[in-house]
Each structure stands twice: as C-alpha cells, then as structure tokens.
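Take a look at the letters that make up each chain.
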Amino acid sequence: MNNNENIIEIKGLKKSYDNGKIKALNGMDLEVKRGEFISIMGPSGSGKSSLLNMIGALDRADEGSIKVAGIDLMKTKKLYEFRSKEIGFVFQMHNLIPNLSVLENVQIPMFETKTSSKDMKKRALELLKAVNLEDKINQKPTRLSGGERQRVAIARALVNHPSIILADEPTGSLDSKTGEVILNLLKDLHSKENVTLVMVTHEPYVGKMAERIVTVLDGKCQNIIQSSQAG
Amino acid sequence: MCIGTIKGCEKKLIMSFLSLVVKNPFRNKTRSALAIVGISIGIIVIVALGMVTGGLENSTQSTLKAGAAEITVIQTGSSSFGSGGSLNESLAASLLNISGVKDTAGILRATNTSTTVATTTSNSSSGGFGAEGGVSVTGIDANKLSLIGVDTINGTAFTNTSTNQVIMGTTIAQSLNKTVGDTIDLYGKNFTITGTYETGNFITDAGIMMPLSTLQNLTNNQNKISDVLVKVTDNANVTTVSQSIENAYPNQLSTTTAADEANRINQGLSFINTASWAISLLAIFIGAVGVINTMIMSVYERTREIGVLKAVGWRDRRILGMILGESIVLTLLAFVIGTIVAVVGVELILTLSPSVGGIIKPSFAYDIFLRAFVVAFLVGVIGGLYPAYRASRLSPTEALRYE
Ligand SMILES: Nc1ncnc2c1ncn2[C@@H]1O[C@H](COP(=O)(O)OP(=O)(O)OP(=O)(O)O)[C@@H](O)[C@H]1O
Ligand SMILES: [Mg+2]
C-alpha cells in the first residue's frame, strides 16, 4: 500500500443550510494521507462536524469536489456501501443501542456485510479485547461507565476494517483522565489496524497527539500545523 | 469473509437481524403492551365471533339432511315452530293421501318449565334459541324419529307406550351433565333418559324428545299436534308437494321446507356475519391507529440511534425492515394473546352459562384463526409502514444532531 497516497482529497467544498443562509463549509480544501492521524480544531460552529459528515458521506456537499478512498462522493450512488466499508464513526456521545449487549452493539455494522455470524463474533471479540472490555461483553451499555461506552464505540467503529476513523470530539463528554485513555487507545489502534484517523477536538492537548493539526474557521481550513510530536 | 456458502451466511445474518427486531418492541414495555392490548381486542372479537357464527353455520348446514322430512306443516297463522297443539292428530294420516308424500309424522312441540335449566332461565325473556327460554320438548312416535333427523341414538329410543322415558340432544345433555340412565324432572315428573342423539341441528340437539301421547297427556293436548313432518317420495319435487298440501287445505295449513328454513337462518347468519365484520373492521382500525402511534413514538425516540445505524452503513431498506418487523412482532403477539383469550373466553362462557352453552357449539375451523392471523399481520404492515418509511428516510446528519 502506498503510504503517500491521499485517502482524502477535498477541493473548494461548499455546503450551506437554511437556503444558503448558513454556510457550514465555504470552500474547504483538505488532503489527508492514508494512515495519517490528523486533528481538526476550531471554534464552535466553524464547520468541523460538517466536514466530518462530508468525509463520512452522511450528507452531500453542494459544490466542489470530494474524493475519499478513491470514491467520488459527489457522484456515487452507493453511499451506504461506502460508509459500511470505508468509514468508522466515533461520536461525542457513544450512541450505543441500550437493549443490546456490548458484543451485539459491536456487531451492528457487520449486518450489511456478508460476514458469517461466527466471523462476526470472532472479529467483535478481537476488538473488545483490544479495548480491554473482554469481561463485559454480555453487559448492557447502560451499566457501563462513560469511558467504557466510548471504548465499545471505538470497537464498533473498527469492526468492518474501515480505512478511515472519523471521531467527532470522542473525549468531549469524558473527564480528562478517561479522555486520555480513550485517546491513547484510538492512537494505538490507528497504527495497529493501519487506519487513517481524523479527529475533531476542542482541547489543545488532545490535538497535540496528532501528527498534524488542521484549524477550521468559517467553513475553511485556515492553517495546517505540523504537530511537534509528529515523527 | 464468510466461510460457509453465501446462502448459509445470509441465513445466519437474517437470524441475528430478526433477534434484534424481536427485542426492540420490549424496550418500552408499557407502550408496547398497550398497543398489544388494543390489537388483541380486535383479534378477540374476530376469533370469538368467528367461532360462534361458524358454529351456527355448521348447524344450519345439517338441517338439510338426507332421511329427514323436507316439509313442515303447521296451522296457518301460528308461529313457524308451532308450540302447543293446534292441529288434529289425524291430519298426519290424511296428508299421506297427497301425491308425492312418502311418510308423515305428527309431532307436538312444547316447552318444559320445571327442569333445573328452566328454573334458571325461565325469567329471562330472551333465553336463547330454545322456545320461550325453557327446554323444548318434542312429542313424536319412536318409529318416526328419522323424520326429525334423529338417525342414530346412543342408547335406545323410548318405547311409544312408556310414560317415563325420554331421549335427549347431546348439547343439552352436556350442559345439564346428564347421560343415558340418568333421570330428569319434566313437568313435575321423573323421566329416565334412555338415549342421547346428535343431529347437528343446534335447535334439535338442544331439545328433549318423548312419546307423542305422553307429551299430549302432560300438556293437556290430547289428540292434538303442532306440526306434521312430511317426507316426500324420492322423485317428487319438494316445492310442488308443499304447494299441493297448501292447496288441499286452503287457509288452514302452511308449509315450510327445510331449504326455506336453512335460507332464513342463513340470512340471519349473513347479517350476523356482516355485523361481526363491521365490528372487526372497527377493532382493526383502532388497533392500527394504536400501532401507528406506538411505532411513530418509538421511531421518534430512537432518531439518534437510527442516525447511528445509517452512519455505520445500514441501508434504508434494512431500517425500513427493522421498524416494519417490530410493528409486525407487536401485532403477531397480539394475535397469539387475542386468540388464546378468545378461545378460553368462549369456552368459559359456554360452560358457565348452560342456557347458551346448550345451544351453541363453537366452531374451531382453521380459517377463523387464519383470518385473525392475516388481519394481525396486515395491521402490523399497515400500522408500521408509515413510521418505517419515515425512519428510513431520516437524513443521517439531522438524525445525529437530534437531541
Ligand atoms: N443540518 C443542519 N441544518 C442547519 N444548520 C446546520 C446543520 N448542520 C450544521 N449547521 C450549521 O452549520 C454550521 C457549522 O456547524 P458544525 O456542526 O459543522 O460546527 P462545528 O464546528 O462542529 O461546531 P461545534 O464545535 O459546536 O460542534 C453551524 O452554524 C450549524 O448551526
Ligand atoms: Mg461539531
């Protein structure tokens, strides 16, 4: 696999809401290399989540071009297939299904793939082990702590072997200590599973863990800072 | 990724998807329970009415029975099932002279007022299908029993000269808990039950028969009869024969044929059927509204979750299938509960109330249950379609932003 290949290529991307009154993305440009870990920062309302939604094909842009994992998202009709194969989401809120066990929650994304239930279980268990939850696989999410829930969400995001993890403030609802555990886990799994990690965060210390920080302002990428830690 | 055959894998996947569909309705137990109660009521109505009307239908079909008399002759102006003696006994023999008549039987229909059944029901004027709320007693010669539809007797028939022997229809025997050899109090006298019979006709099977002369004496109707049963010869036309009888005794005798009677009962039944369909439709409508409401609430509450399912790659089709499936799970559960309650309820009412139970034999025809199943399924589909469609069309970003 060519590590210099751009997995995300965005040019002049625009997206507005409320009949053009709100310009969430206003000529966004961004390139991300395969396997990279970037952090997206910027004030509230600047368009960070909107950018992530575009990359994850949850919504279509109005103008510009966006290519992710070789797929032109302005044109493709198979958005669900793209999301299922290429993207793993981690949200600020864990968004787990309360009446399903931890194990079942992790398996949910595999329903759209042709995975046998045996392989589904194997893969889910492997990831739950990786996030240190192998002893809680049969519990309901409501009985887990915030950090544990977020770890389940990370396992769920990785279960289909995506090429990109999109994390929108994954530590936003956690205390800083738990947040750090989650961050380290994400960073760890990103390199172990060889997956590109794009993470939105408000906290500078979180951003610094990334290889690169992208600042978004008024729907545009303002400046790109190479993180001091980046090797 | 799947190691087995593609088909095998899909089967397993469908299994885990189904388990999710079955689990989801129980997330809000109260709301789901209320929806289930609503639909169950509809199912109870459909099954219970189906069992009762089906039972009545079976009974009318057996009124047209080979061997039994085709024509009933009564005095003009008296009620269709004559009660008490208004005709002279000799008429039965006279009618044999009319061409096309093969056999006749003079019978006396009366209503007893002193059995246990009668004492419990004689005060209610509506008292069911038996004449005037008591037990209907028919006087007939033992050798003519086949004309009234009694072909086989469990036990023996009464002898014509006896004054203390009766035979009894199976439905009334069951509700009075009597069998051959038991005694019964009629008109203040003790009778021994020599046999029981089952004709399939709900009126006949809810009655008691004794020798004509015995009943005539007991009711002060010496030499009187209420009806003459007429059996026509094999090649004769029933309508022609009944016309000849009426022509021979103008303004004195009226005839009804078994076919007429069946028709009349069928008309009544078709009215009951229409009414029960109308009630069922109303129940279904209310049930469907309940399901739609339940499912819309459920989708509304799970907006974010549906957004997540879309984000992890679930197709709109799958989300539609999930919500629709949940709705069908609700209604099929209601089908099971409603059917059980209806069957147990009908049986319970019929055993606890002998006056009704003595007359109606509920039908257990599979199509009653099939109909209820189809209705439950359709209510599930109809009630779930709109909420499922709405869920499947939710924009993922909007759904995820939903608080
Ligand atoms: N579906 C939508 N409908 C209307 N307006 C929207 C929608 N999504 C985003 N916006 C608007 O677009 C702008 C950018 O929103 P976005 O969620 O991308 O910001 P953000 O940078 O993620 O902010 P935050 O840090 O608070 O999460 C905001 O003004 C927001 O109100
Ligand atoms: Mg945001």
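Keep in mind that this is a model prediction, so the values were computed, not measured. (Residues numbered from 1 in each chain as written. Chains lettered and ligands numbered in written order. Predicted model: local features only at pLDDT ≥ 70, side-chain atom pairs only at ≥ 80, totals over all residues. Heavy atoms only, no water.)

1. Side note on the interface of chain A and chain B
Then, in step 1: Taken residue by residue, the interface counts 28 residues in chain A and 28 residues in chain B.
Then, in step 2: Across the chain A/chain B interface, buried area totals approximately 2,800 Å², and carbon plus sulfur atoms make up 60% of it.
Then, in step 3: When the buried area of chain A at its contact with chain B is split by residue, Phe111, Glu112 and Lys114 of chain A rank highest and sum to 25% of it.
Then, in step 4: Counting across the interface, chain A meets chain B through three salt bridges.
Then, in step 5: With a shortest N-O distance of 2.8 Å, Arg318 of chain B and Glu112 of chain A are connected by a salt bridge.
Then, in step 6: Along the contact surface separating chain A from chain B lie 11 residue pairs in polar contact (both at pLDDT 80 or more). (Contact = heavy atoms within 4.5 Å. Buried area = accessible area lost by both parts, 1.4 Å probe. Salt bridge = Lys/Arg side-chain N within 4 Å of Asp/Glu carboxyl O. Polar contact = N/O pair within 3.5 Å; in protein donor to acceptor, adjacent residues only side chain to side chain.)

2. Quick word on helix α1 (residues 48-55) of chain A
Residues and elements named next belong to chain A.
Then, in step 1: Summarising burial for α1: seven of the eight residues are buried, a large majority.
Then, in step 2: Turning to α1, its buried residues are Lys48, Ser50, Leu51, Leu52, Asn53, Met54 and Ile55.
Then, in step 3: Backbone geometry just downstream of α1 places Ala57 in the positive-phi region, at approximately 55 degrees. (Buried < 20%, exposed > 50% of the residue type's maximum accessible area, 1.4 Å probe, protein only. Helix = DSSP H or I, 4+ residues; strand = E, 2+ residues; numbered from the N terminus.)

3. Observations regarding unusual backbone geometry
Then, in step 1: Its identity as a non-glycine residue notwithstanding, Asn220 of chain B has a phi of 60 degrees, on the positive side.
Then, in step 2: Among the structural elements, Asn220 of chain B can be located in the loop between α6 (212-218) and β10 (224-225).

4. Regarding the site of ligand 1
Then, in step 1: Contacts to ligand 1 come from 15 residues, most closely from Ser44, Gly45, Lys48, Ser49 and Ser50 of chain A.
Then, in step 2: Proximal residues around ligand 1 fall on chains A and B, making this an inter-chain site.
Then, in step 3: Here an oxygen atom of ligand 1 sits 3.3 Å away from a polar atom, N or O, in the main chain of Ser46 of chain A.
Then, in step 4: With respect to ligand 1, the backbone of Gly47 of chain A contributes an N or O atom lying 3.0 Å from an oxygen atom.
Then, in step 5: Look at ligand 1: alone it shows 630 Å² of surface, and the protein chains cover 77% of it.
Then, in step 6: Looking at the shell around ligand 1 element by element, the count peaks at three residues for α1 of chain A. (Near = heavy atom within 4 Å. Areas by Shrake-Rupley, 256 points an atom, 1.4 Å probe, with all protein chains shown as cover.)

5. Focus: the sheet that holds strand β5 (residues 71-72) of chain A
Residues and elements named next belong to chain A.
Then, in step 1: Pairing is antiparallel in the open sheet, where four strands are placed in the order β2-β1-β4-β5. In the strand order of this sheet, the two ends are held by β2 (22-33) and β5, each with one partner.
Then, in step 2: Bridge count between strand β4 (residues 63-68) and β5: two bridges; the pairing is antiparallel. Residue pairing in the sheet places Lys67 in a bridge with Asp72 of β5. (Pairing = 2+ DSSP bridges.)

6. With respect to the packing of helix α9 (residues 303-311) of chain B against helix α10 (residues 316-352) of chain B
Residue and element names in this part refer to chain B.
Then, in step 1: At a minimum axis distance of 10 Å, the contact between α9 and α10 shows a crossing angle of 140 degrees. As judged from the angle between their axes, α9 and α10 are oblique. The way α9 lies across α10 gives a crossing that is right-handed. Taking contact as the criterion, the partners of Ile306, Leu309 and Lys310 in α9 are, on α10, Asp316, Ile319 and Met322.
Then, in step 2: Tallied by class, residues from the contact of α9 with α10 come to four nonpolar, no polar and two charged. (Axes fitted to C-alpha atoms, helices over the stretch in contact; angles between N-to-C directions. Parallel < 35°, antiparallel > 145°, perpendicular 65-115°, else oblique. Left-handed = near helix turned anticlockwise from the far one by under 90°. Nonpolar A, V, L, I, M, F, W, Y, C, P; charged D, E, K, R; others polar.)

7. Observations regarding the environment of Val346 of chain B
All names here are of chain B.
Then, in step 1: Within the secondary structure, Val346 is located in helix α10.
Then, in step 2: With 238 residues separating them along the chain, Val346 and Leu108 place their C-alpha atoms 34 Å apart.
Then, in step 3: Not counting the four nearest positions on each side in its chain, Val346 is found in contact with Ala48, Met51 and Pro362.

8. Some remarks on the side chain of Asp227 of chain B
Residue and element names in this part refer to chain B.
Then, in step 1: Residue placement: Asp227 occurs in strand β11 (residues 227-232).
Then, in step 2: Residue classification places Asp227 among the buried residues on the basis of a relative accessible area of 0%.
Then, in step 3: Within the structure, the side chain of Asp227 is placed 3.1 Å from the side chain of Arg109, a separation counted as a polar contact.

9. Considerations on the pattern of salt bridges
Then, in step 1: Within the structure shown, the criterion is met by 23 salt bridges over all chains.
Then, in step 2: Here Asp62 of chain A ties to Lys15 of chain A by a salt bridge, and the two come within 3.9 Å at their closest N and O atoms. Here Asp62 of chain A, found in the loop between α1 and β4, pairs with Lys15 of chain A, found in strand β1 (residues 6-17); they are 47 residues apart in sequence, far enough to count as distant.
Then, in step 3: The exposure class assigned to Asp62 of chain A is partly exposed, which follows from its relative accessible area of 42%.
Then, in step 4: A salt bridge links Glu305 of chain B to Arg302 of chain B; its shortest N-O distance comes to 4.0 Å.
Then, in step 5: Here the salt bridges do not stand alone but share partners, grouping Arg27, Arg302, Glu305 and Glu326 of chain B into one network.

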